[in-house]
Amino acid sequence: MSLDDTSGSPQDCDLLIVHGHVLTMDEDRTVYPDGAIAVAGNKIVAVGPMPVTEGSWRAARRIDAKGAPVHPGFIDGHYHAGLHLSRGSITDNPNPPKEEGGAGPGVFTRWINAVTDEDEYASALLASAEMARNGFTGFVDAATSFSSDAIAEAAGAVGIRCSVSDCMLWDLVGGEPMAAEVPRAPCGLDRAMKEMGGQLWRNRDEDALARGHVAVYGVGSATDELMRAAKTLADREGTVIHQHQSLMTADAGYDARRFGEPAMVHFARQGLIGPNSVFTHMNILSREEIEAVSASGMALVWHPGNFMYYAISQTGRSAFPELQRRGTAIGLGTDIAKTWAFGDLGIIAYLVSREWGDYLPAESILEMFTLGGARAMGFERQVGSIEIGKRADIVVRSTELPDAQPNVDIIRQLMLVSRTKGVDTVLCNGEIIVRHGRLVRLDEAEIYRLARRSAQRTAERAGIKSKSIWPLVT
């Protein structure tokens, strides 16, 4: 559809995207096999069939999608942007020798304690560049960045959205041992209460790329008092509240013991969860907890990669396919890109579902990357679908690659086969930030040089050495 034109003559806009297979992700999931989108400023002013839309609008610039998929920008619902450069530095060996960092999630504590604000900027800059190149127009930073300004500046330099929060708010050393091991983020109620909500000022400008949300770290590191304060603040300020929860059997068990009942059942009884709650991981859920989550109206962020990486899949069946069918809003969160890249979680989610004989259709995966991600950011009224009045966060693909053929089922081919390949053009907030597969604003080679230097310095400070199992001849 398009805006009414009482004059009968074409209206002016800034950009027309024509001949796209437009996947709107609107309430009806409308698809225009030969569609067009008109953009004026930072908003979508028309979307519909080619003859109608093209005839009603004229633009100084046109992009011909040539029949390729056009979809809303993806949003990563949970990413530790300041830790992106740990990828490759921290080994993928689940039982490595001590000199390579040690085993388990605890190795990341050493990396966290080694990063500087400059390292966080370099890390977030590379992460943002990779996201944009892979069709992502935003991400939710996952509450471990010491400098939210560095994260926001880096994302803004690339031209994508981010939502940032206060760093590691916790007041209990229990289910998460790291709460006692980060000097720059000491565990305690006084600090947590003082710093809570420190990034919400960013929400005064709805057109700003960087926003703020409320977060506590979670996984057994927050008392009910801290969670209640955070939930009350989020309710009052009209924002989402994030936390890690039930990543592994151990932390879920810790919460169950301290509450005398499963964590999500307890949170529901205490009024600590609701439609603005967004919990990440949620790998260990009892039947009662599934019911509590579904009834609360909360949103979740799923990381099926971690579910496999840490062998959590051996402890039980993932509840996410069932929760998705029951209407729970679900986004995908890359967390820390260990052995995957942005956009890989869709195929992993599909295969995790198949492991138990379940089925997660490609359409559901696309919903998670778009609508679910927008919900995780708390910005679902502005992004996540291609509709009139929403921000112009749009991705134009190319089908001129083997992985996009034979393209009989457009969505299945896109989500399960070509995935992040074939991103040609990316708009965020109405601005073209990727064109013909390359960043528009920045020199990519300089981003890579900055990232390599930062990763090397951080690994040295953390005492983490990368060791090749093959001989290196220099």
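Structural notes, computed from the coordinates. Every chain's residues receive numbers from 1 upward, in the order its sequence appears when written. The predicted nature of this model means local features are confined to residues of pLDDT at least 70 and side-chain atom pairs, given and counted, to a pLDDT of 80 or more, with totals for whole chains, interfaces and linings taken over all residues. Each side-chain value is worked out from all heavy atoms of the structure, with water and hydrogens disregarded.

## A word on the sheet that holds strand β9 (residues 210-212)
Criterion used throughout: strands pair if DSSP finds at least two bridges between them. Strands are runs of DSSP state E lasting at least two residues, helices are runs of H or I lasting at least four, and both sets are numbered from the N terminus onward. With parallel pairing, the 4 strands of this open sheet are ordered in space as β6-β7-β8-β9. Of all strands in the sheet, those with a lone pairing partner are β6 (74-79) and β9, marking the two edges. Averaged over all neighbouring strand pairs, the angle between strand axes comes to 15 degrees, with direction disregarded. As judged from the 3 bridges shared by strand β7 (residues 136-141) and strand β8 (residues 161-164), these two strands associate in the parallel manner. The residue of β8 that forms the bridge with V140 is S163. We call two residues in contact when some of their heavy atoms are within 4.5 Å. Working convention: axes come from line fits to C-alpha atoms, limited for helices to the stretch in contact. Angles between N-to-C directions cover 0 to 180 degrees. Each of β6 and β7 touches helix α3 (residues 117-133); the most contacted strand, β7, lies at about 140 degrees to it.

## With respect to the packing of α3 against helix α4 (residues 148-158)
Where α3 meets α4, the closest approach of the two axes is 8 Å, and the angle between their N-to-C directions is 35 degrees. The crossing of α3 and α4 is right-handed. For the pair formed by α3 and α4, the contact residues are D117, E120, Y121, A124, L125, S128, A129 and A132 on the first element and A150, I151, E153, A154, A155, A157 and V158 on the second. For the contact of α3 with α4, a count of residues per class yields 11 nonpolar, 1 polar and 3 charged. Note on convention: near helix rotated counterclockwise from far helix by under a right angle means a left-handed crossing. Clockwise means right-handed. Each residue gets one of three labels, nonpolar for Ala, Val, Leu, Ile, Met, Phe, Trp, Tyr, Cys and Pro, charged for Asp, Glu, Lys and Arg, and polar for the others, Gly among them.

## Describing the pairing of strand β14 (residues 329-332)
Across a regular strand the side chains alternate sides, sitting on one face of the sheet and then on the other. Of the two faces of β14, the one holding A329 and G331 and the one holding I330 and L332 are both buried throughout. Pairing analysis gives 4 bridges linking strand β13 (residues 299-302) to β14, with the strands arranged parallel. Bridge pairing in β14 places V301 opposite G331. Per-residue accessibility, obtained with a 1.4 Å probe over protein chains only, is compared with the maximum for each type, and a residue is labelled buried under 20%, exposed over 50%, and partly exposed between these values.

## Remarks on the packing of aromatic side chains
Working definition: a ring pair exists when centres of Phe, Tyr or Trp rings (six-membered ring for Trp) sit within 6.5 Å. Plane angles under 30 degrees give stacked, over 60 give edge-to-face, the rest tilted. Under the criterion given, the structure shown has 12 aromatic pairs. Ring geometry for F74 against F136: centres 5.4 Å apart, planes inclined by 80 degrees, an arrangement best described as edge-to-face. Of this pair, F74 sits in strand β6 while F136 is found in strand β7, placing the two residues 62 residues apart along the sequence. F136 carries the same exposure label as F74, and that label is buried. Ring centres of F136 and F369 lie 5.8 Å apart, and the angle between their planes is 85 degrees; on these two criteria the pair is classed as edge-to-face. Taken together, the residues span a long stretch of sequence, with F136 in strand β7 and F369 in helix α13 (residues 362-377) at a distance of 233 residues. Stacked on the ring of F146, the Lys or Arg R184 has its end atom at 4.1 Å from the ring centre. Directly above the aromatic system of Y309 lies the positively charged group of K338, at a separation of 5.5 Å from the ring centroid. Criterion for a charge above a ring: Lys NZ or Arg CZ within 6 Å of the ring centre, and within 35 degrees of the ring normal.

## A closer look at the pattern of salt bridges
Here a salt bridge means any side-chain nitrogen of Lys or Arg lying within 4 Å of a carboxyl oxygen belonging to Asp or Glu. Within the structure shown, the criterion is met by 31 salt bridges. A salt bridge links E206 to R391; the nearest nitrogen and oxygen atoms lie 3.7 Å apart. With E206 in the loop between α5 (189-195) and β9 and R391 in the loop between α13 and β15 (394-397), this residue pair connects regions lying 185 residues apart in the sequence. Residue classification places E206 among the partly exposed residues on the basis of a relative accessible area of 41%. Between D207 and R391 there is a salt bridge whose closest N-O contact spans 3.3 Å.

## Considerations on unusual backbone geometry
Cis peptide bonds are those with omega within 30 degrees of zero, and the linkage from Q405 to P406 qualifies with 5 degrees. Among the structural elements, P406 can be located in the loop between β15 and α14 (410-418). The phi dihedral of H436 is positive, around 55 degrees, even though this residue is not glycine. Checked against the element boundaries, H436 lands in the loop between β17 (431-435) and β18 (438-439).

## Focus: helix α2 (residues 107-114)
Within α2, 6 of the 8 residues are buried, which leaves it mostly tucked inside the rest of the structure. Taken together, the buried residues of α2 touch α3 and α15 (444-462).

## Concerning α4
An α-helix turns once every 3.6 residues. As a result, residues three or four positions apart point the same way. Looking only at α4, the buried set comprises S148, A150, I151, A152, A154, A155 and V158. For α4, the secondary structure elements touched by its buried residues are α3, β7, β8, β9, β17 and β18. Positive phi appears at G159, one or two residues downstream of α4, with a value of about 110 degrees.

## Points about the nonpolar core
To define a nonpolar core, start from buried Ala, Val, Leu, Ile, Met, Phe, Trp, Tyr and Cys residues and group those joined through side-chain atoms within 4.5 Å. M168, M264, F267, F279, W302 and M415 are the most contacted members of the largest nonpolar core, which totals 112 residues. Per element, the largest residue contribution to this core is 8 residues, and it comes from α3. Setting aside residues no more than four positions away along its own chain, F267 makes contact with D224, M227, Q243, Q245, F259, L272, I273 and F279. Membership of the second largest hydrophobic core comes to 17 residues, among which are I44, I63, V396 and I432.

## Some details on the sheet that holds β13
Sheets are built from strands that pair by backbone hydrogen bonding, the pairs being arranged parallel or antiparallel. Across the sheet, 5 strands lie side by side as β10-β11-β12-β13-β14; this open sheet has parallel pairing. If you trace the sheet from one side to the other, it starts and ends with β10 (214-218) and β14, each paired once. Recorded for the sheet is a direction-independent mean angle of 20 degrees between the axes of neighbouring strands. By the bridge criterion, 5 bridges tie strand β11 (residues 241-245) to strand β12 (residues 277-281) in an arrangement that is parallel. Directly across from I241, in β12, lies its bridge partner S277. Together, β11, β12, β13 and β14 form the strand contacts of α13, whose direction differs from that of β14 by roughly 105 degrees.

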